[in-house]
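The primary structure of each chain is shown beneath.
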Amino acid sequence: NEYKSYLSFVMADSEVECLSEVFRCFICMQQLQNARLCPHCSKLCCAPCIERWLMEQRQHCPHCREPLQKEELVKCRWAEEVTQQIDSMRSMQLDNKTGRLDKDRCEQHSGEKLSVFCVSCKMCICHLCALFVNQHSGHAFKPLEEEYEIHKKKITDEISALRRRLVELDGLKRDIDKNMETVKYAKGEREAEMRTVVNYMAEKLESQLKAKLSKLKGQKNSICNETEFLEKILEEVEKELKQKSKSEIIACVDHLMGMFSKVHETPMSNFVSAPVPADFVSEIVPQYQSSTFTLHNFSELRHKADPVYSPNMSCNGIKWRLKVYPDGNGVARSTYLSVFLELVEGVQETSKYEYKVEMLQHRAVPIRNIVREFASDFEVGECWGYNRFFRLDMLEDEGYLHPHDDYVVLKFHVRPPTFFQKCRDQAWYIQQLEEVHSQHVEQLHNLKLSIREKTLSEERAVSGGCHVPARDLSTCNSASRNNNDGTENSIEADESSLVRNIDEEYEEAACSLPCQHENVSIATSNPSILGSEGEEDDSTLQKIRESICEIEDTNRRPLSADSWERRLMNQIGASCLPGTSDNNLNNSHPNSELGSSIQSVTTDELEPELVGLMESESETELPTLNNFTPDLLGEIKAVQCNNSSR
């Protein structure tokens, strides 16, 4: 605390000295006496000093060298009070300094200066206390000046850190000031841009006004010319009627009638033109969107005293409706018609909208419609409107309530105040539509997958427990997850691909089913499947080769398994139909030559032809042996069994 008071004293002393320098005469450099102020440089000086300077030296200020007269000097009455305050502050500082020096004396040994610092007790003592007082025996001591320098250094370091902190804060303050200036400048630029745009739009409106007025002036000039022409003819005819005699009038009747017929040559329809619409499109404020609400059976609605709601009106995806109290609401009940506008569905945040509520007259030519216009901050489910919209007892008299049909027509208009808010509302509506669309797509996809799974289960039941691998269903599910965000076209493409995969797996599973001869399998390495060992029929083999060549030459397109089988069997004279029994071919078909012909052909002779045909048509995906129907394969197995039994 002593060090702090000392530092404050030193700082206060320096401040007093600086202040006294200001209130010191710049001529004699002494304290001011009867101070005078130079009107040019505002320097203070004593009245005798400056007067002697002006009389003995030159007629100018000794500081700023500006021309100066004695009468121009300003008398400073307050300077004396300031100098008195400075003197009192100096005396107080001197007393404090003397008191501080007196405090550096030992309390036990009066008159002894504190010169030792006891490290153990952490207190300042004199040298007698350190040498002779038992309280400090065995303690560690340090010179007071050394300890003072240590503490002083700590304080000065902290002061330096605080000054650096102050400098940093000043820098941050300057940065904020610059940021404020930047923000203000940007705001000014936006204002300038808006002024430019507004001026441009005002010029466009002015050009539109000139075009409309020019068209109206053209119509007016046409009518004025016709009016002048008619007035001239009327004046001329009236003049002739007054000046000419009866015989002269009879003589010039043809001339007058010609003038009249000339007037009637131009029909009146040529002067009737459609009114020019007073529609000026604003490029800053959006247009109102309107909806009409008719309250039928108004008298019955008044007796119910319940609110009546209009159908929803969509304004940029935001849904609005009127909430009408036919018999009034609250304090206006039975006296006024109460009408409110309600935000049914929209953006969750509070937004301002402009709206108008209009009540239409049922007359053929409406005299005056009641219009209430306002702007309010809306939230979803909130209503704004008028409790006292119109007096109920005046509805029929003013023509707003139809006397016979008993209905009232209200029309309400809503718009966002700016195009920016309109775009925001539309963006919100688009997002809502996308969410609904994705939900519908997901539901549709799930329905398709459920239908596919049901179809597969039915096919398994019909085929006698044929097992379809579970990877088809996992493929369907993964395709469903991956295509939730895709379009309908991609979904259809994936569905068709899945159908093909499932059909192929189903055919493969169906072909792998065992026939009724469970212990018989087809082995392509068996040298004799269709005939006895060592027997060959060159004519039958030649017929098969010719049929294959004919298929290659006449039709290069891929054939299905049924078509390939049918053409091949027709060439070799067989009339085999699907669904035959597992007896041998000689017994199952009326054409016994088929059995003898096929029995004479071995697998080694038949299969290379089929393999060659498949290799030549690899790009067109010709069917293989696995594409034969299970019934035909069963017949082939039956023939093999008969040959083996032989």
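Remember, predicted model here, so these are calculated numbers, not experimental data. (Residues numbered from 1 in each chain as written. Predicted model: local features only at pLDDT ≥ 70, side-chain atom pairs only at ≥ 80, totals over all residues. Heavy atoms only, no water.)

## Here we look at the pattern of salt bridges
As enumerated under the stated definition, the model contains 17 salt bridges in all. We note a salt bridge from Lys244 to Glu240, for which the minimum N-O separation is 3.9 Å. Classification of Lys244 as partly exposed rests on a relative accessible area of 31%. Judged by relative accessible area, Glu240 falls into the buried class, the value being 13%. A cluster of three or more residues bridged by salt bridges with shared partners is formed by Lys187, Glu191 and Arg195. (Salt bridge = Lys/Arg side-chain N within 4 Å of Asp/Glu carboxyl O. Buried < 20%, exposed > 50% of the residue type's maximum accessible area, 1.4 Å probe, protein only.)

## As for the confidence of the model for the chain
Mean pLDDT over the chain works out to 75, with 67% of the residues at or above the 70 mark. Predicted confidence for residues 512-537 stays below pLDDT 50, and this span has 49 contacts to residues more than four positions away or in other chains. Every residue in residues 571-627 is under pLDDT 50, and counting partners more than four places away or in other chains gives 108 contacts. (pLDDT = per-residue confidence, 0-100. Contact = heavy atoms within 4.5 Å.)

## Things to note about the sheet that holds strand β5 (residues 123-125)
A sheet is described by the order of its strands in space; here 3 strands give the open sequence β5-β4-β6, paired in antiparallel fashion. Sheet topology places β5 and β6 (141-143) at the edges, where each strand pairs with a single neighbour. Strand-to-strand twist in this sheet, taken as the mean axis angle between neighbours without regard to direction, amounts to 35 degrees. Two elements, strand β4 (residues 116-118) and β6, share 3 bridges in a ladder whose sense is antiparallel. Counted as the bridge partner of Val116 is Pro143 from β6. Most of the contacts of helix α5 (residues 144-243) go to β6, to which it runs at about 80 degrees, and overall it touches β4, β5 and β6. (Pairing = 2+ DSSP bridges. Helix = DSSP H or I, 4+ residues; strand = E, 2+ residues; numbered from the N terminus. Axes fitted to C-alpha atoms, helices over the stretch in contact; angles between N-to-C directions.)

## Remarks on unusual backbone geometry
Of all residues except glycine, most have a negative phi; of all peptide bonds, most are trans. Of note in the backbone geometry, Asn34 takes a positive phi value of approximately 55 degrees without being a glycine. With respect to the helices, strands and loops of the structure, Asn34 is situated in the loop between α1 (2-22) and β1 (35-37). Of note, Ser334 is a non-glycine position whose phi angle comes to about 65 degrees, a positive value. You can see Ser334 is positioned in the loop between β10 (318-325) and β11 (336-345). Looking at Ser334, the relative accessible area reads 46%, which means it is partly exposed.

## So, the nonpolar core
Residues Trp320, Leu322, Met359 and Phe389 are the most contacted members of the largest nonpolar core, which totals 34 residues. With sequence-adjacent residues up to four places away left out, Trp320 is seen in contact with Pro311, Asn312, Met313, Cys315, Leu341, Glu342, Leu343, Val344, Tyr353, Phe378, Phe412 and Val414. Formed by 18 residues, the second largest nonpolar core is a distinct cluster that contains Phe23, Ile50, Cys61 and Cys76. (Core = buried A, V, L, I, M, F, W, Y, C linked by side-chain atoms within 4.5 Å.)

## Some points on the sheet that holds β1
The strands that make up a sheet pair up through hydrogen bonds in the backbone, lying either parallel or antiparallel. In spatial order, the strands read β2-β1-β3; together these 3 strands make up an open sheet with antiparallel pairing. Strands with a single pairing partner mark the edges of an open sheet, and in this sheet they are β2 (44-46) and β3 (74-75). By the bridge criterion, 3 bridges tie β1 to β2 in an arrangement that is antiparallel. The residue of β2 that forms the bridge with Leu37 is Leu44. Together, β1 and β2 form the strand contacts of helix α2 (residues 47-56), whose direction differs from that of β2 by roughly 85 degrees.

## Overview of the pairing of β11
With 7 of 10 residues buried, β11 is to be regarded as a mostly interior element. Pairing between β10 and β11: 7 bridges, direction antiparallel. Bridge pairing in β11 links Leu322 to Leu341. Two strands pair when backbone bridges link them, and β11 and strand β14 (residues 383-391) are joined in this way by 6 bridges, in the antiparallel orientation. Within β14, the position partnered with Val339 by the bridge is Tyr386.

## Description of the packing of aromatic side chains
If you walk through the whole model with that rule in mind, you get 7 aromatic pairs. Between Tyr355 and Phe378 the ring centres are 5.6 Å apart and the planes differ by 75 degrees, which places this aromatic pair in the edge-to-face class. Placement of the pair is Tyr355 in strand β12 (residues 351-360) and Phe378 in strand β13 (residues 370-378), with a sequence separation of 23 residues. Residue classification places Tyr355 among the buried residues on the basis of a relative accessible area of 2%. Judged by centre distance (6.3 Å) and plane angle (55 degrees), the ring pair of Tyr386 and Phe389 falls under tilted. By relative accessible area, Tyr386 is classed as buried at 16%. Feature note: the residues Trp320, Tyr353, Tyr355 and Phe378 constitute an aromatic cluster, connected by ring pairs. One residue, Lys212, lies across the ring of Phe280, its end atom 5.5 Å from the ring centre. The positively charged end of Arg391 is found above the aromatic ring belonging to Tyr336, 5.6 Å away from the centroid. (Phe/Tyr/Trp six-rings, centres within 6.5 Å; stacked < 30°, edge-to-face > 60°. Lys NZ or Arg CZ within 6 Å of the ring centre and 35° of its normal.)

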